[in-house]
Amino acid sequence: MPLDGEYEPSKQKWVRDQVTEYEASGGTRATTLMDTGLPVVIVTNLGARSGKVRKTPLMRVEHEGRYAAVASQGGAPTHPAWYENLRTHPRVELQDGPNKQDMTARELSGEERQQWWERSVAAFPNYADYQKKSEREIPVFLLEPLEA
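Rules used in this analysis
Residues numbered from 1 in each chain as written. Predicted model: local features only at pLDDT ≥ 70, side-chain atom pairs only at ≥ 80, totals over all residues. Heavy atoms only, no water. Helix = DSSP H or I, 4+ residues; strand = E, 2+ residues; numbered from the N terminus. Rg over C-alpha atoms; globule rule 2.2 N^0.38 Å. Buried < 20%, exposed > 50% of the residue type's maximum accessible area, 1.4 Å probe, protein only. Contact = heavy atoms within 4.5 Å. Areas by Shrake-Rupley, 256 points an atom, 1.4 Å probe, with all protein chains shown as cover. Lys, Arg positive; Asp, Glu negative; His and termini not counted. Charge placed at Lys NZ, Arg CZ, Asp CG, Glu CD. 1 Å grid on protein atoms, 1.4 Å probe; cavity = no way out; pocket = protein on both sides within 12 Å on 5 of 7 lines; lining within 4 Å. Points joined across faces, edges and corners; volume = space filled by probe spheres on them. Nonpolar A, V, L, I, M, F, W, Y, C, P; charged D, E, K, R; others polar. Phe/Tyr/Trp six-rings, centres within 6.5 Å; stacked < 30°, edge-to-face > 60°. Core = buried A, V, L, I, M, F, W, Y, C linked by side-chain atoms within 4.5 Å. Expected span 1.5 Å × (residues − 1). Salt bridge = Lys/Arg side-chain N within 4 Å of Asp/Glu carboxyl O. Arc of directions from axis to C-beta.

J.: Explain the overall build of the chain here, please?
T.: Within the chain one finds 4 helices and 7 strands. Listing the helices and strands of the chain from first to last along the sequence gives α-β-β-β-β-α-β-β-α-α-β. Whereas a compact globule of 148 residues would reach a radius of gyration of roughly 15 Å, the chain reaches 14 Å, a difference of no more than 12%. In terms of principal-axis extent, the alpha carbons of the chain reach across some 35 × 35 × 30 Å. Expressed as a percentage of the 148 residues in the chain, the buried residues total 41%. Taking as baseline every contact in the chain between residues at least 6 positions apart, the subset at least 24 positions apart corresponds to 62%. Approximately 8100 Å² of the chain is accessible, and the part contributed by carbon and sulfur atoms is 49%. Computed over 19 positive and 22 negative side-chain charges, the separation of the two mean positions in the chain equals 5 Å.

In structure tokens form, the structure reads like this:
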């Protein structure tokens, strides 16, 4: 079931453009991060303060039907805006190509975080560089299908 609310597109043009093309094509175009050729998924969530619907392309890190959402923000000193959104409203919709599913997000720690961090770096090696340049530990969320 899609999240209800007013959709507020990203202020970043490349994010707006990618989400628009991804969704307009039913998940058959704009499925890779810019010119990298690496696959992305679209995560739809509710804003922590606004309650508005937000959509973000994130690197595709999937294992056995579950996905990682890595809050790297390119190694910036602060978390991306969607980090607080997922902590406040963990119910999300994930679109992987043409497939959409309702999921719940939870922030990982310890061994489980390390395992998903390694999977994430294998999918997108730049994460390792982002961690080296950041003083914060980059958060990793696990997105798991909602129970029917």
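J.: Would you take a moment to explain the layout of surface pockets for this structure?
T.: Over the atoms rolls a probe the size of a water molecule, and its path tells where empty space is left. In this model, the largest pocket occupies a volume close to 980 Å³. Lining the largest pocket are 34 residues, and of these Gln-12, Thr-56, Pro-80, Ala-81 and Trp-82 sit closest to its centre. When contributions to the lining of the largest pocket are tallied by element, the ones reaching two or more residues are α1 (13–24), β2 (53–59), α2 (81–88) and α4 (126–133). Looking at the lining of the largest pocket element by element, the count peaks at 6 residues for β2. Taken together, the residues of the lining of the largest pocket sort by class into 18 nonpolar, 10 polar and 6 charged.

J.: Quick question: what am I supposed to make of the packing of aromatic side chains here?
T.: The description of an aromatic ring pair rests on the distance of the ring centres and on the angle between the ring planes. Applying the stated criterion to the full structure yields 6 aromatic pairs. With centroids separated by 6.1 Å and ring planes inclined at 55°, the aromatic side chains of Trp-82 and Phe-141 adopt a geometry described as tilted. Within this pair, whereas Trp-82 is found in helix α2, its partner Phe-141 is found in strand β7 (residues 140–145), the two being separated by 59 residues in sequence. Trp-82 sits in the buried class, given a relative accessible area of 10%. For the ring pair Tyr-83 and Phe-141, a centre distance of 5.6 Å and an interplane angle of 65° mean the geometry is edge-to-face.

J.: For this particular structure, what's the right way to read the nonpolar core?
T.: What tends to happen in soluble globular proteins is that the nonpolar side chains get buried as a cluster. The biggest cluster of nonpolar side chains holds 19 residues, and the ones touching the most others in it are Met-59, Val-70, Trp-116, Trp-117, Phe-124, Tyr-127 and Val-140. Elements with a minimum of two residues in this core: α1, β1 (40–46), β4 (66–70), α3 (110–123), α4 and β7. In this structure, Val-140 is in contact with Ala-68, Ala-69, Val-70, Arg-106, Glu-107, Leu-108, Arg-113, Trp-116 and Trp-117, ignoring residues within four places of it in sequence. The next biggest cluster of nonpolar side chains, apart from the first, holds 15 residues, and it includes Leu-94, Met-103, Phe-141 and Leu-143.

J.: What should I look at first to understand α3 in this one?
T.: Within an α-helix, residues lying three or four positions from one another point in the same direction, as the helix has 3.6 residues per turn. Helix length check: α3, at 14 residues, gives a terminal C-alpha distance of 20 Å against a target of 20 Å (1.5 Å per residue), a fit within 8%. Against the buried residues of α3 lie β3 (62–63), β4, α4 and β7.

J.: Looking at this structure, how should I read the pattern of salt bridges?
T.: Opposite charge on two side chains allows them to pair when their charged atoms are near. Applying the stated criterion across every chain, the model contains 15 salt bridges. Glu-112 is the salt-bridge partner of Arg-106, the closest N and O atoms lying 2.8 Å from each other.

J.: Could you clarify how one ought to interpret α1 in this entry?
T.: Along its 12 residues, α1 runs 16 Å from first to last C-alpha, staying within 8% of the 16 Å computed at 1.5 Å per residue. Among the residues of α1, Val-15, Gln-18, Val-19 and Tyr-22 are the ones counted as buried. Take α1 and look down its axis: the buried residues cluster within an arc of 95°, on one side only. Residues of α1 that are exposed and angled more than 90 degrees away from the buried face: Lys-13, Thr-20 and Ala-24. Against the buried residues of α1 lie β1, β2 and β5 (91–96). Trailing α1 by a residue or two, Gly-26 shows a phi angle of about 70°, which is positive.

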